[in-house]
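Okay, here's what each chain looks like letter by letter:
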Amino acid sequence: MMLRMGSPAPSIKVEDWLRGEPLANFHSGKVYIVEFWATWCELCAAEMLDLMRLQEKYKDGGLEVVAVAANEDAPTAVEARTKLDAWLTEKCPQLNYRIAFDHTGEMNKLWREPSFSAGIPTSFVVHRDGHIAFIGHPGQLDEILPKVLSGSWRTSDKAKAADTERIARSEPMAREQALKQPIDDRFWAAVKLEDWKTALWAIEEGIALMPDDINFRLAHAHLLLHKIQDMWTGLPVIGQLVRDAIDKNSEDWMVSALDQLFHPANDHSRLPPAERFAMGKELSEHILALNPPQGDSPKYRSYPAVARYYHDNGNNDRAIELVELTLKSLEGPEPIPDDLKEHLLPDLLQALANYRGGKVCYGALCAAPQNKLPGGAKARPGEKNT
């Protein structure tokens, strides 16, 4: 049965509660956010910090946040739970809402699959009467949550139209995800064994099935360039990825391709410098044209990647300028939430300290130069955080 706005909320069936009191049933009169996330998802981590703000802001209005870790990347439930608990202790010591853990897949079957929610983070808002009021990205909660709490959202034409549009958009994606899942399973099983040839065969099967899938394309380039280190095959693959990213005029695709060429988590020593820097130059120029310094678009997603290109290419002044622009944009016309800023600042300051060759500070936070550039959270091979 399809899960959509107005549907009764499914049950909460989890293995364990790692933070907060267990929740057996939704209580009448309360509004709940049920958030699906994972520690490996960098965007999820930023959104989880924002949920702390929402929980504090609307707690007197009856809001309860429940974050469900149902996609941890670990071979056993014990290892997943241990990793999750350590992550929470380090990253969210002041957490003010519940954290549920499920490694069985039951929560995904009850919530995400019937709602066609293929990616994470995904938020479900449960109304005071126990029915679904909203399904979508947590970035929309600032606008929608006050209306849900006041009781005006679910009956509005805007809500009905948004839910219809979500289903029309998400259903094909969910069916595509179902086709991809067996390939993903084979790929990640091979990655855990460091069996790069088998991982490559799985990804090539995926590309044959879905030639325009960004995650398959990134994994293909990553395996060839950084794991198998087959430059003869890998250079045409990354070259095509660069051309397609530019043709799509997609900042996400261009930054992802740039990371394959300049991210410090990857070994670029075997890449021919002329080809590497030519591709980096083309991508960087297109990114800056798409998101110019004088524009109001967020800089933190792409400018650090472009700065790495300029630094590696010897234009350190330009690298410094781009990181400084990123820092300035955090306080721009539409400043980002404080918790997201706190998440971004350490890597930005570390990069700036490395490029300047001296200590830098932003408020009370300071960084000194290190030999190795900051990589931030290391994505799984070839994967784009969603």
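Residues numbered from 1 in each chain as written. Predicted model: local features only at pLDDT ≥ 70, side-chain atom pairs only at ≥ 80, totals over all residues. Heavy atoms only, no water.

1. Notes on the overall build of the protein
So, step 1. In terms of regular secondary structure, the protein is built from 13 helices and 8 strands.
So, step 2. Its C-alpha radius of gyration of 22 Å places the protein within 12% of the 21 Å reference for a compact globule of 386 residues.
So, step 3. For the protein, the spread of C-alpha atoms along the principal axes amounts to about 65 × 50 × 40 Å.
So, step 4. In the protein, 64% of the contacts between residues at least 6 apart in sequence involve partners at least 24 apart.
So, step 5. With an accessible surface of roughly 18,200 Å², the protein has 51% of that area assigned to carbon and sulfur atoms.
So, step 6. Between the mean site of the 44 positive side-chain charges and the mean site of the 56 negative ones, the protein shows a separation of 1 Å. (Helix = DSSP H or I, 4+ residues; strand = E, 2+ residues; numbered from the N terminus. Rg over C-alpha atoms; globule rule 2.2 N^0.38 Å. Contact = heavy atoms within 4.5 Å. Areas by Shrake-Rupley, 256 points an atom, 1.4 Å probe, with all protein chains shown as cover. Lys, Arg positive; Asp, Glu negative; His and termini not counted. Charge placed at Lys NZ, Arg CZ, Asp CG, Glu CD.)

2. Let's talk about the packing of helix α9 (residues 251–262) against helix α10 (residues 273–290)
So, step 1. At their nearest, the axes of α9 and α10 sit 10 Å apart, and the two run at 150° to each other. Put simply, α9 runs roughly antiparallel to α10. Where α9 crosses over α10, the two elements pack in a sense that is left-handed. Of α10, the residues touching α9 (which contributes Glu251, Met254, Val255, Ala257, Leu258, Leu261 and Phe262) are Arg276, Phe277, Met279, Gly280, Leu283, Ser284, His286, Ile287 and Leu290. (Axes fitted to C-alpha atoms, helices over the stretch in contact; angles between N-to-C directions. Parallel < 35°, antiparallel > 145°, perpendicular 65-115°, else oblique. Left-handed = near helix turned anticlockwise from the far one by under 90°.)

3. Things to note about the packing of α10 against helix α11 (residues 303–312)
So, step 1. For the pair α10 and α11, the least separation of the axes is 10 Å and the interaxial angle reads 140°. Looking at the two axes, α10 sits oblique to α11. Note that α10 runs across α11; the crossing there is left-handed. For the pair α10 and α11, the contacting residues are Arg276, Phe277, Gly280, Lys281, Ser284, Ile287 and Leu288 in the first and Tyr303, Val306, Tyr309, Tyr310 and Asp312 in the second.

4. So, the state of the cysteines
So, step 1. Scanning all chains against the criterion turns up 2 disulfides.
So, step 2. One disulfide in the model links Cys41 with Cys44; its S-S distance is 2.5 Å. As the torsion about the S-S bond is roughly 80°, the Cys41-Cys44 disulfide counts as right-handed. Just as Cys41 is buried, Cys44 falls in that class too.
So, step 3. This cysteine, Cys92, is not joined by any disulfide, and Cys44 carries the nearest cysteine sulfur, 12 Å off.
So, step 4. Exposure remark for Cys92: the relative accessible area of 3% places this residue in the buried category. (Disulfide = S-S within 2.5 Å. Buried < 20%, exposed > 50% of the residue type's maximum accessible area, 1.4 Å probe, protein only.)

5. Focus: the packing of aromatic side chains
So, step 1. Tallied over the entire structure, the rule returns 11 aromatic pairs.
So, step 2. A centroid spacing of 6.1 Å and a plane angle of 75° characterise the contact between Phe26 and Trp111, whose relative ring orientation is edge-to-face. Here Phe26 is found in the loop between β1 (16–19) and β2 (31–37), whereas its partner Trp111 is found in helix α3 (residues 106–112), with 85 residues between them in sequence.
So, step 3. Aromatic pair Phe187 and Trp188: ring centres 4.7 Å apart, planes at 65°, arrangement edge-to-face. Neither Phe187 nor Trp188 differs from the other in exposure class; each is buried.
So, step 4. Each member of the aromatic cluster is reached from another via a ring pair, and the members are Phe26, Tyr32, Phe36, Trp111 and Phe124.
So, step 5. Lying over the aromatic face of Trp253, Lys248 brings its terminal NZ or CZ to 4.7 Å of the ring centre.
So, step 6. A cation over a ring is seen here: Arg276 above Phe277, with NZ or CZ 5.1 Å from the ring centre. (Phe/Tyr/Trp six-rings, centres within 6.5 Å; stacked < 30°, edge-to-face > 60°. Lys NZ or Arg CZ within 6 Å of the ring centre and 35° of its normal.)

6. Remarks on the environment of Pro8
So, step 1. Turning to its location among the elements, Pro8 is positioned in the segment before β1.
So, step 2. Apart from residues no more than four positions distant in its own chain, Pro8 is found in contact with Leu3, Gly130 and His131.

7. Quick word on the sheet that holds strand β3 (residues 63–69)
So, step 1. Ordered by their spatial adjacency, 6 strands build an open sheet running β1-β4-β3-β2-β5-β6, and the pairing between neighbours is mixed. If you trace the sheet from one side to the other, it starts and ends with β1 and β6 (132–136), each paired once. In this sheet, neighbouring strand axes are inclined to one another by 20° on average, regardless of whether the strands run parallel or antiparallel.
So, step 2. Against the sheet, helix α1 (residues 42–58) engages β2, β3 and β4 (98–101), with an angle of about 160° to β3. (Pairing = 2+ DSSP bridges.)

8. Looking at the confidence of the model for the protein
So, step 1. On average, residues of the protein score 90 in pLDDT, and 95% of them reach the 70 mark or higher.
So, step 2. Long-range and interchain partners of residues 373–386, a stretch whose pLDDT sits below 50, account for 45 contacts in this model, where long-range means more than four residues apart. (pLDDT = per-residue confidence, 0-100.)

9. Side note on helix α8 (residues 231–248)
So, step 1. With 18 residues, α8 extends 25 Å from end C-alpha to end C-alpha; this agrees with the ideal 26 Å at 1.5 Å per step.
So, step 2. The N-terminus of α8 is capped by Asp230, whose side-chain oxygen sits 3.3 Å from the backbone nitrogen of Trp232.
So, step 3. Just downstream of α8, Asn249 is the residue with a positive phi angle, here 55°. (Expected span 1.5 Å × (residues − 1). Polar contact = N/O pair within 3.5 Å; in protein donor to acceptor, adjacent residues only side chain to side chain.)

10. Points about the nonpolar core
So, step 1. Judged by nonpolar contacts, the single largest core of 67 residues is most densely connected at Phe187 and Ile238.
So, step 2. Counting residues per element, this core draws most heavily on helix α13 (residues 338–356), at 9 residues.
So, step 3. Counting 60 residues, the second-largest nonpolar core is a separate cluster that includes Ala9, Ala100, Ile135 and Trp153. (Core = buried A, V, L, I, M, F, W, Y, C linked by side-chain atoms within 4.5 Å.)

11. A word on the pattern of salt bridges
So, step 1. According to the stated counting rule, one finds 26 salt bridges in the structure shown.
So, step 2. Here Lys158 and Glu143 are joined by a salt bridge, their closest N and O atoms 2.6 Å apart. Of this pair, Lys158 sits in helix α5 (residues 157–192) while Glu143 sits in helix α4 (residues 141–150), and the two are 15 residues apart along the sequence.
So, step 3. Classification of Glu143 as partly exposed rests on a relative accessible area of 41%.
So, step 4. When salt bridges with common partners are traced through the structure, they connect Arg4, Asp163 and Arg166 into a single cluster. (Salt bridge = Lys/Arg side-chain N within 4 Å of Asp/Glu carboxyl O.)

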